[in-house]
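Topology and contacts: notes
Okay, here's what each chain looks like letter by letter:
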Amino acid sequence: MGSLATLFADALPLERRAAVLEAPNIEAVLASKVEEGRRAWPSFVVTDDAFVRHAAKHHGPGDLEPAIEALLGADLYLAVACIEGNAAALAALDATALRPAAAEAVRTYRALEAAELEQVVREKVLVGRAGEESKLASYAGRAPLSSWLRVVAVHAAVSMTRRLKPNDTLDEATEVLASVVAGDIELAHLEVTYAAQFKASFHEALARLDERERTLLRMHVLDHVGIDDLCKLHNVHRATAARWLVRIREALFANTRTSLRERLRLDEDEFESLVGAMLSRLDVSLERALAPVDAGNTP
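Residues numbered from 1 in each chain as written. Predicted model: local features only at pLDDT ≥ 70, side-chain atom pairs only at ≥ 80, totals over all residues. Heavy atoms only, no water.

Concerning the nonpolar core
One recurring pattern in soluble globular proteins: nonpolar side chains tend to sit buried together. In this structure, Phe8, Leu78, Leu117, Val121 and Leu149 are the most contacted members of the largest nonpolar core, which totals 55 residues. Elements with a contribution of two residues or more to this core: α1 (4-10), α3 (26-40), α4 (48-57), α5 (64-69), α6 (73-83), α7 (87-108), α8 (114-126) and α9 (145-164). Considering every element that reaches this core, the biggest residue donor is α9, with ten residues. Those residues in contact with valine 121, other than ones at most four positions away along the chain, are Leu98, Leu149, Val152, Ala153 and Ala156. The next biggest cluster of nonpolar side chains, apart from the first, holds 28 residues, and it includes Leu216, Met219, Leu279 and Leu282. (Core = buried A, V, L, I, M, F, W, Y, C linked by side-chain atoms within 4.5 Å. Buried < 20%, exposed > 50% of the residue type's maximum accessible area, 1.4 Å probe, protein only. Helix = DSSP H or I, 4+ residues; strand = E, 2+ residues; numbered from the N terminus. Contact = heavy atoms within 4.5 Å.)

See below:
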């Protein structure tokens, strides 16, 4: 078996391998992450090859050693053992993260049964669709596994609740999810972690609006000018003014999401797990702020 650096490099595209082998401290950094996992979970073993190759699979272009140093070795070690089907690891995942995540979601979605939600989350995380890897295979070790699973559990709970209440609209379900995330301590911690990037991305999205859009935004949100007054001021039909506000909301959300995605440099699954719920709440907030209310009903 080769060195950890060689194993890591072999799992990368050919054009990126040389940079790994030339990094002066890569062997020690990788070894520290493997050791971190083994200290946390002495009851089962993940091979160097399996651990390092999984870490390499999710490593994107960028600073090599700082990215690996930031990995949560214990969580990644547990995830890899579960992907391999290790019984002790699966039991540990259930006890330490999966069941607590489901229980937390059930406390909010009281119509659901904890055992049923646990099983749904277990299947989502551990069982891949035909010809596909399990969802857990997308876990990159950059966020706590407990937080990652809590997001999966909330998404599963929302989907199950929709099936129980088929007349609920998508917007209603999204608003419920947003209220849950607002009170989630661990996700609140993620918001603090990414506050600067989130703020910068939102400011960048605002700057990309043209002058007319920014004026409409300021009038409607800050000056509480209702939809009827907006259409009179601009001499357009009420439906046209409403469409303007919808487009502004969609542009702000889409541009914030794109900018944040570029800043964080996460793969798509990890991005959704970490900040998807935060963005859902942003979308709900924008929807409320830009709702085409009548002038007489404004605060």
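Side note on the packing of aromatic side chains
One pass over the full model with this rule turns up four aromatic pairs. A ring pair is formed by phenylalanine 51 and tyrosine 77, whose centres lie 6.2 Å apart and whose planes are at 45°; its orientation type is tilted. With phenylalanine 51 in helix α4 and tyrosine 77 in helix α6, this residue pair connects regions lying 26 residues apart in the sequence. Exposure remark for tyrosine 77: the relative accessible area of 0% places this residue in the buried category. (Phe/Tyr/Trp six-rings, centres within 6.5 Å; stacked < 30°, edge-to-face > 60°.)

As for the pattern of salt bridges
Taken as a whole, this structure holds eleven salt bridges when the rule is applied. The partner of arginine 38 in a salt bridge is aspartate 48, and the shortest N-O contact between them spans 2.8 Å. A residue pair is termed long-range when its members are at least 10 positions apart, and arginine 38 in helix α3 and aspartate 48 in helix α4 qualify at ten residues. Residue arginine 99 is joined to aspartate 94 by a salt bridge in which the shortest nitrogen-to-oxygen separation is 3.8 Å. The class for arginine 99 is partly exposed, based on a relative accessible area of 39%. Accessibility expressed as a relative area gives 13% for aspartate 94, which makes it buried. Salt bridges here are not isolated pairs; linked through shared partners, they connect Asp94, Arg99, Glu118 and Arg122. (Salt bridge = Lys/Arg side-chain N within 4 Å of Asp/Glu carboxyl O.)

Observations concerning the packing of α3 against α4
Axes are the key here: two packed helices are described by the angle between their axes and the distance separating the axes. Orientation of α3 relative to α4, taken along the N-to-C sense of each, is 120°, at an axis distance of 11 Å. In this structure, the crossing between α3 and α4 has a hand that is right-handed. Residues Lys33, Val34 and Arg38 of α3 form the contact with α4, whose own contacting residues are Asp48, Phe51 and Val52. Grouping the constituent residues of the contact of α3 with α4 by class yields three nonpolar, no polar and three charged. (Axes fitted to C-alpha atoms, helices over the stretch in contact; angles between N-to-C directions. Left-handed = near helix turned anticlockwise from the far one by under 90°. Nonpolar A, V, L, I, M, F, W, Y, C, P; charged D, E, K, R; others polar.)

Any functional reading would require information that these geometric values do not contain.
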